[in-house]
Amino acid sequence: MKHNVKEILSQMTLEEKAGMCSGLDFWHLKGVERLGVPSIMVSDGPHGLRKQEAAGDHLGINESIKAVCFPPAVLSACSFDPELMEKFGDVIGCEAQAADVSVVLGPGVNIKRSPICGRNFEYFSEDPHLAGELAAAFIKGVQRHNVGTSIKHFAANNQETRRMTCSSDVDERTLREIYLPAFERAVKESQPATVMCSYNMINDTYSSDNDWLLNQVLRDEWGFQGAVISDWGAVNERVVGLAAGMDIEMPASGGITDAEIVTAVRNGSLDETVLDRAVERILTLIFRWTENREVRTLTLEADHDFARRVAEESMVLMKNDGVLPLKREEKVLFVGEFAEKPRYQGGGSSHINSFKVSDALSAAKRLGQVSYAKGFSGQEDVYDETLAAEAVAMAKQMDKVVVFAGLPDSFESEGYDRTHMELPGCQNRLIEELAQVNTNLTVVLHNGAPVTMPWLNQVSGLVEAYLGGQAGGEAVVNILYGVVNPSGKLAETFPKKLSDNPAYLNFGGKEHVAYKEGIFVGYRYYDAKEMEVLFPFGHGHSYTSFAYSDLKLERNTMTDGETLNISVDVENTGSVPGKETVQLYVSDKTGKVQRPLRELKAFAKVSLAPGERKTVTMTLDERSFAWYSTDLHDWYVCSGDYEIAVGASSRDLRLCGTVCYQSKRALPLRIGRNTTVGDLLENEKTRPLGQLVLNRMNAFFGAGASPDDSDDAISDEMGQAIAYSQPLRGLLGFGIMTAEELQAAIDKYTG
Ligand code: BGC
C-alpha cells in the first residue's frame, strides 16, 4: 500500500513530530502506531551486517547476529572496480532485506589524510575521485533493494583523536577539492537515503549544527533529497541542528531533545515548517522501506564466496622478484600466527560477527605442500626465541617461505589513532632473520593502513592483503598460488616514513586541527615535493604484463560544458590472463593557479587474455579540469594547456597527450589601490592599462637605457620584477598615475 506522507504528517501532533526526530533506542527510528507509521531498524555497515538483536552499542562491544564479513573499504577500494562495488552493494542490500534492516550505515568515504588515522581501514582512499566513484556504485547496489544507505561521516572527519569535540580547520578550497567531492559525487549520482553527519566541528561549527554544510551545500547545491542522520551521539544543540538540516538524532535522546524541539516551536524560536520538512523526509525514508519489502533469506555461503571474490580482485601484489606464484610441487613454509588466525577486519562499530572465517593455512593445504611455524603471536609484540628459532630452522629446509605479518588489533581501531607506522618489532626482526636463510621469501601483510618495511630490500615478494574479510585467507592463497592473477592497485600512498606525510606536523592535536597542507594530500603532496615513497598511489603488479599504445584524444581543444573521450589500447603481453587498471591523470599546465602536479580523473579496469588487446575509453568533463575558486565560490577551469597522462600507477605513466582548454568565463577582477602592475599585465582586460603604466614607469625611471650607462647592480630581471610588483598606490607620488586615473580603473574593472 502506498502511503500519503503529507496526509499522515498533517494528522500528527507537535509532540509526535518532534518525537520522530530522535531514535527509539540504539538501532530503531520511532514510528507512530495510531497513524500506522512503523518503526524501522538501521545497522552498521558498511562491509557486512552488524545487526544487534539484544543489547545495542555503537562501539562493537555487544554481540550481533552471525553474518558475512566482507573486505573493509581499505581493501575493496584497491579493486578500482565500480562494477564490483555495485555488485557488493547488491549483496549487502539482499542481506539487509533478509535481516529486516532498512538502512545500512555506510559507506565511509572520509579521505585518508594521514596513514595513522585509526579508522582508515573503513575508508576508501586518499583520492576523492576514487572514493566517490566507488561509493556511488556501492550505494546504487544497496538501494536497488530499497534498503537505504548512510554515507558517512559528513564531513572532514579524518582522525579519531578527540573525534567528538575537535574542529577540523580547513580552508574552503581544500574542503571543496579534497574532503567534500566523494560525498558530492555519491549524492549527485546515487542519492543515498541518508547522510550521516560527523562528530567533529568544521571551522568551529559542529557538523550536526552546520547550516552551511547540511542545508546550503548538501541540499541546495548538490540536490540531496534524503534525510540527515547524526552519528551516534554527535548532536550538539538539537534545535540549532534541526534548523541546520539535521533531521534524525541517533540514538535515543531520552525524550530530552524532543521536548526542546516542542518548546522551541511553541515559543516561536523554531518555525514549525522546519520540523515538518524534517518529519516528511523521515516518513519518506520509513515508507520507502516498508512499501518495498522483498521476501529473502540470508545466503551466507554464497555471500562468503562473493566476499572471497572481492578480496581476490583487490589484494595488491606490491613486489615480485619472480618468487610468486608458488608452485604446487614446491615445499613452502608459512610463518606467523596470522596464517592460521587471520586479522581480517578492524575494531569498533563496523565489527562483524562472522559466521565462519577461512584461514590461509587450511586453504593452502588443499593446494600445495605447506608446513607451518608460528614464529610469533599475531596479537602482541614479543620476540619468542623458541618460536623464532624453530621458524628459522624450518625455513632452511624449504623451497620458499611466506611470512604472514601485520598489525595486532590493538594497534589500530575506531576511537584512537596510531602513533607510529611500524609493525611489531618482533615481526620485523624475524622477517630479516628468515630472509638471511631463505631468499625466496614473501611477506603477506594484514593491516588497515600503511606500515614501514625496513626489510623490503631483503624480501622477494610482497602481497598487501590488508584486512581481507572472512574469506581473505582463501583469497590470499589463491593469489599466492596463481589460481587468481592479482589485479589490485593501491588506493593510497605508502610513504617511507610517517614524518614524510604532509599532515605530520598538524595531526591529532587538541581542540583545533589545522589542515595546513591544504589540497596537497597523499600523492598530490608526494608528487609535488618529488619525494620518494615506498609505494605510490595506484601501484600494483600482476603475473602478466601490459603494454599501452595508441593514446587518442577525441579533440585537442575543449570548452565549458563539453566532454572529452580518451582512448588507449592495452595489450596483455604475458602468458596468463590478467586485469589491468588503466589510470588517467590530468595536469594543469596553465601555470595560473597552484595545483597538484597531477590528479586522478578517470580509471577503467580491463580483463585481457594472453595476447589480447582492447581499446579502453574514458571520459573527462569540465569538472575534470577544474579547481575551486574562492573568488567565484564555484569550480573554474583556467584557459590553457592540460596534460593527460595514462598509465599503470601515479608513478608509472606510459603515454600522454595535451588538450587546450578555452574557458568561457573569466575570474572576477578586483582592481584596487594595492593591485600591482604585474596583476594588470596578467589579465587580458587590464593588460592595455598595465602596459601604459609600465611605459610611463620606464620613461620615468629610465629603463631601456643603453648598456653603457646601466648600473651593473640592477639587472633587467630585477628591474622587471620590481616594476611588476609595484602596487598602483605607489605610483601616485611619482605622478606616473593620477588619483583620478586610479579611481577610474577601479570603477571600470571592479564589477
Ligand atoms: C560510528 C558510526 C557508526 C555508529 C553506529 C559511531 O560510533 O562513528 O560509524 O555507524 O557509531 O554504530
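Just above, that's the structure.
The structure presented is a predicted model; accordingly, all values stated were derived computationally and were not measured.

A.B. asks: Go over the overall build of the chain with me, naming the residues and quoting the values.
C.D. replies: Counting secondary structure elements, the chain contains 22 helices and 29 strands. For 751 residues, the compact-globule estimate of 2.2 N^0.38 gives 27 Å, and the chain sits close to it at 29 Å. Expressed along its principal axes, the backbone C-alpha trace of the chain runs to roughly 90 × 75 × 50 Å. Relative to its full complement of 751 residues, the chain shows a buried share of 60%. Within the chain, counting contacts between residues at least 6 apart in sequence, those at least 24 apart form 77% of the total. As displayed, the chain offers around 28400 Å² of accessible surface, 49% of which is attributable to carbon and sulfur atoms. Between the averaged position of the 75 positive side-chain charges in the chain and that of its 105 negative side-chain charges there is a distance of 3 Å.

A.B. asks: Kindly report on the nonpolar core, identifying the contributing residues and their values.
C.D. replies: In this structure, F154, L283, F334, V403, F404, M453 and L480 are the most contacted members of the largest nonpolar core, which totals 185 residues. A per-element tally of this core places helix α11 (residues 272-290) first, with ten residues. Those residues in contact with F154 that lie beyond four places of it in its chain are L180, F183, V195, M196, C197, S198, S207, L213, L214, L218 and W222. Counting residues in each nonpolar core, the second largest holds 33 residues, with L551, Y628, V659 and Y661 among its members.

A.B. asks: With reference to specific residues and values, describe the site of the ligand.
C.D. replies: Around the ligand, the surrounding shell holds 15 residues, and the nearest of these are D44, R119, K152, H153 and D231. Contacts to the ligand include R119, whose side-chain N or O atom sits 2.7 Å from an oxygen atom. A distance of 2.7 Å separates an oxygen atom of the ligand from a polar atom in the side chain of D231. For the ligand, whose unbound accessible area comes to 310 Å², protein coverage reaches 100%. Tallied by class, residues from the shell around the ligand come to five nonpolar, three polar and seven charged.

A.B. asks: Which residues make up the side chain of S487, and what values go with them?
C.D. replies: In this structure, S487 sits in the loop between α16 (472-480) and β19 (512-514). Assessed through its relative accessible area of 3%, S487 is described here as buried. A polar side-chain atom of S487 sits 3.0 Å from a polar atom in the side chain of K605. Beyond its immediate stretch of four places on either side in the chain, S487 contacts C78, E313, M315, K579, T581 and K605.

A.B. asks: Tell me about the sheet that holds strand β6 (residues 167-169), and name the residues and values.
C.D. replies: Spatially, the four strands line up as an open sheet ordered β9-β8-β6-β19, and their pairing is mixed. Looking along the sheet, the strands with just one partner apiece sit at the ends: β9 (205-206) and β19. Alignment of β6 against strand β8 (residues 201-202), held across two bridges, turns out to be parallel. Of the residues in β8, the one forming a bridge with S168 is I202.

A.B. asks: How would you sum up a nonpolar patch on the surface? Please name residues and give values.
C.D. replies: Among the surface-exposed residues, F700, F701 and F734 lie close enough to one another that they form a single nonpolar patch of about 330 Å² accessible area. If you trace the backbone, F701 turns up in helix α20 (residues 687-701). Owing to a relative accessible area of 49%, F701 belongs among the partly exposed residues under this scheme.

A.B. asks: Help me get a handle on a negative patch on the surface, residues and values and all.
C.D. replies: Residues E380, D381, D384 and E385 make up a contiguous surface patch of negative charge. Along the polypeptide, E385 turns up in helix α14 (residues 385-396).

A.B. asks: Can you explain the side chain of K17? Please cite residues and give values.
C.D. replies: Looking at the secondary structure, you find K17 in helix α2 (residues 14-20). Excluding its chain neighbours within four sequence positions, the residues that come into contact with K17 are L9, M12, E272, L275, D276 and V279.

A.B. asks: Give me the state of the cysteines: which residues, what numbers.
C.D. replies: Across all of its chains, the model carries zero disulfides by this definition. You can see C69 has no disulfide; the closest cysteine sulfur is in C78, sitting 16 Å from it. Owing to a relative accessible area of 0%, C69 belongs among the buried residues under this scheme. Between C656, a cysteine without a disulfide, and C660, which holds the nearest cysteine sulfur, the sulfur-to-sulfur distance is 16 Å.

A.B. asks: Tell me about the pairing of strand β13 (residues 331-335), and please be specific about residues and values.
C.D. replies: The buried count for β13 comes to four of five residues, which makes it a mostly enclosed element. Bridge count between β13 and strand β15 (residues 369-373): five bridges; the pairing is parallel. If you follow K331 over to β15, its bridge partner there is Q369. Note that β13 and strand β16 (residues 400-406) share four bridges and pair parallel. Following the sheet pairing, F334 is matched in β16 by V402.

A.B. asks: A description of the environment of G118 should follow, citing residues and the corresponding values.
C.D. replies: Checked against the element boundaries, G118 lands in the loop between β4 (103-104) and α5 (128-143). Considered as a pair, G118 and Y416 are 298 residues apart in the sequence and their alpha carbons are 5.4 Å apart. If we ignore the near neighbours within four places in the chain, the residues touching G118 are E160, E412, S413, E414, Y416 and D417.

A.B. asks: Tell me what's going on with the pairing of strand β17 (residues 441-446), and back it up with residues and numbers.
C.D. replies: The buried fraction of β17 is high, at six of six residues. Of the two faces of β17, the one holding L441, V443 and L445 and the one holding T442, V444 and H446 are both buried throughout. Where the polypeptide runs from β16 across helix α15 (residues 425-437) and back to β17, its parallel neighbour, the crossover connection is right-handed. Sheet topology places β17 next to strand β18 (residues 461-464); four bridges connect them, and they run parallel.

A.B. asks: Please provide a residue-by-residue account of the packing of aromatic side chains, values included.
C.D. replies: The tally for this structure, following the rule as stated, stands at 25 aromatic pairs. For the pair W27 and W232, a centre-to-centre distance of 5.7 Å together with 40 degrees between the ring planes defines the contact as tilted. Placement of the pair is W27 in the loop between β1 (22-23) and β2 (42-43) and W232 in the loop between β10 (227-230) and α9 (238-244), with a sequence separation of 205 residues. When its relative accessible area of 3% is taken as the criterion, W27 is described as buried. On the numbers, 5.4 Å between centres and 55 degrees between planes, the contact of F700 with F734 is tilted. Here F734 lies in the loop between α21 (716-724) and α22 (739-749) and F700 lies in helix α20, a separation of 34 residues in the sequence. Take F734: its relative accessible area is 42%, and that puts it in the partly exposed class. An aromatic cluster of at least three residues, connected via ring pairs, comprises F80, Y523, F537, Y585 and F603. Here K87 stacks its cationic end above the ring of F306, 5.7 Å away from the centre of that ring. Residue placement shows R429 over the ring face of Y383; its charged tip is 3.5 Å from the ring centre.

A.B. asks: Talk me through α5; I want residue IDs and the actual numbers.
C.D. replies: Helical geometry note: an α-helix holds 3.6 residues per turn, so side chains three or four residues apart project in the same direction. With 16 residues, α5 extends 22 Å from end C-alpha to end C-alpha; this agrees with the ideal 22 Å at 1.5 Å per step. Most of α5 sits out of view: 14 of its 16 residues are buried. At the N-terminal end of α5, a side-chain oxygen is found 3.0 Å from the backbone nitrogen of H129, two or three residues along, and the residue is D127.

What counts and what doesn't
Residues numbered from 1 in each chain as written. Predicted model: local features only at pLDDT ≥ 70, side-chain atom pairs only at ≥ 80, totals over all residues. Heavy atoms only, no water. Helix = DSSP H or I, 4+ residues; strand = E, 2+ residues; numbered from the N terminus. Rg over C-alpha atoms; globule rule 2.2 N^0.38 Å. Buried < 20%, exposed > 50% of the residue type's maximum accessible area, 1.4 Å probe, protein only. Contact = heavy atoms within 4.5 Å. Areas by Shrake-Rupley, 256 points an atom, 1.4 Å probe, with all protein chains shown as cover. Lys, Arg positive; Asp, Glu negative; His and termini not counted. Charge placed at Lys NZ, Arg CZ, Asp CG, Glu CD. Core = buried A, V, L, I, M, F, W, Y, C linked by side-chain atoms within 4.5 Å. Near = heavy atom within 4 Å. Polar contact = N/O pair within 3.5 Å; in protein donor to acceptor, adjacent residues only side chain to side chain. Nonpolar A, V, L, I, M, F, W, Y, C, P; charged D, E, K, R; others polar. Pairing = 2+ DSSP bridges. Patch = residues over 30% accessible without salt bridge, like charges linked within 9 Å, V, L, I, M, F, W, Y side chains within 5 Å. Salt bridge = Lys/Arg side-chain N within 4 Å of Asp/Glu carboxyl O. Disulfide = S-S within 2.5 Å. Right-handed = clockwise from strand over helix to strand, strands pointing away. Phe/Tyr/Trp six-rings, centres within 6.5 Å; stacked < 30°, edge-to-face > 60°. Lys NZ or Arg CZ within 6 Å of the ring centre and 35° of its normal. Expected span 1.5 Å × (residues − 1).

Without other data, these values stay purely geometric and don't point to any function.
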